[in-house]
Amino acid sequence: MKPSDFVCPSDHGQLVLENGVLRSTSSDKVYEIQDGIPVFSETRGYWSNVPKHTMHRVINKSIETRDWRSVVKSQIPLYERHISPLFRGDIHSFLAMNSESVVLDAGSMWGGLTIPLSQRCKCIFALDQTWESLKYLSVRSDIDGIKNIVPVESSISRLPFKNEKFDLTIFNESSAELFKN
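Residues numbered from 1 in each chain as written. Predicted model: local features only at pLDDT ≥ 70, side-chain atom pairs only at ≥ 80, totals over all residues. Heavy atoms only, no water.

Chemist: Hey, could you run me through helix H5 (residues 131-143) in this one?
Modeler: The periodicity of an α-helix, 3.6 residues per turn, causes residues three or four positions apart to be oriented the same way. Under the 1.5 Å per step criterion, the end-to-end length of H5 is 18 Å for 13 residues, consistent within 8% with the ideal 18 Å. Of all 13 residues that make up H5, eleven are buried, and the element is covered over most of its length. Among the residues making up H5, those that are buried are Trp131, Glu132, Ser133, Leu134, Lys135, Tyr136, Leu137, Val139, Arg140, Ser141 and Ile143. Immediately beyond the C-terminal end of H5, within one or two residues, lies Gly145, with a positive phi of roughly 75°. (Helix = DSSP H or I, 4+ residues; strand = E, 2+ residues; numbered from the N terminus. Expected span 1.5 Å × (residues − 1). Buried < 20%, exposed > 50% of the residue type's maximum accessible area, 1.4 Å probe, protein only.)

Chemist: When you look at the sheet that holds strand E7 (residues 149-153) in this model, what are you seeing that I'm missing?
Modeler: Hydrogen bonds along the backbone pair up the strands of a sheet, which may run parallel or antiparallel. Strand order across the open sheet formed by four strands is E7-E6-E5-E8, with parallel pairing between neighbours. Each edge of the open sheet carries a strand with a single partner, namely E7 and strand E8 (168-171). Strand-to-strand twist across the sheet, computed as the mean angle between neighbouring axes with direction ignored, equals 20°. (Pairing = 2+ DSSP bridges. Axes fitted to C-alpha atoms, helices over the stretch in contact; angles between N-to-C directions.)

Chemist: I would appreciate a short explanation of the side chain of Ser41 in the present structure.
Modeler: Relative to the helices and strands, Ser41 resides in the loop between strand E4 (37-38) and helix H1 (52-65). Of the polar contacts made by the side chain of Ser41, one reaches the side chain of Glu153; its length is 3.1 Å. In this structure, Ser41 is in contact with Gln129, Glu153, Ser154 and Ser155, ignoring residues within four places of it in sequence. (Polar contact = N/O pair within 3.5 Å; in protein donor to acceptor, adjacent residues only side chain to side chain. Contact = heavy atoms within 4.5 Å.)

Chemist: When you look at the pairing of strand E6 (residues 123-128) in this model, what are you seeing that I'm missing?
Modeler: Put simply, side chains in a regular strand alternate between the two faces of the sheet. Summarising burial for E6: six of the six residues are buried, a large majority. By the alternation rule, side chains of E6 split into Cys123, Phe125 and Leu127 and Ile124, Ala126 and Asp128, which are all buried. As judged from the five bridges shared by strand E5 (residues 102-106) and E6, these two strands associate in the parallel manner. Paired with Ala106 across the strands is Leu127, a residue of E6. In this structure, E6 lies alongside E7, joined through five bridges in parallel fashion. Opposite Asp128, over in E7, you have Glu153 as the bridge partner.

Chemist: Is there a simple way to think about the state of the cysteines in this case?
Modeler: In protein structure, a disulfide is the covalent linkage between the sulfur atoms of two cysteines. Counted according to the given criterion, the structure contains zero disulfides. With no disulfide of its own, Cys121 lies closest to Cys123 among cysteine sulfurs, the gap being 6.9 Å. (Disulfide = S-S within 2.5 Å.)

Chemist: Help me understand unusual backbone geometry, please; the structure alone is not making it clear to me.
Modeler: Note: most peptide bonds trans; most residues except glycine with negative phi. One non-glycine residue, His12, adopts positive backbone phi at about 60°. Locating His12 in the fold gives a position in the segment before strand E1 (15-18). A positive phi angle is found at Arg66, which is not glycine, with a value near 60°. With respect to the helices, strands and loops of the structure, Arg66 is situated in the loop between H1 and helix H2 (68-75).

Take a look at the structure:
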């Protein structure tokens, strides 16, 4: 993550890294970086298929054991097929992307699309409103040695990116709900 990857979602001003936070050069806005994940959400919440305390346990056990697959099987077995298999990434054959593409996965959650698509692009920004989902994705990608995923906590309605930054943007179904009239 580089400050130049982002802009202030309020005024699109440049951001600089200062004392462990991202600060807008054109306003008084400051954005926290929590455990390596920039936080642009105005209001923070939690949305997930599993309770927050369970997600924290999955994160901590994955860090401790360096074996996220076994942790998923033992802690949240109902979601193993949602998290583990990479076949969801087969969608790449329908997408206009290549090894030089910069991709935004809006609503990335645990990385069901992010992880497999990361193998086919230059860089993928994983955007979600739930920090725990992004932290899990960060831990999972670290364990698997994946270095081109940038997790970002933000609302999709106030994106912290420059216009035309991405070659491809993927919206999951719940993200797409925001754009219905």
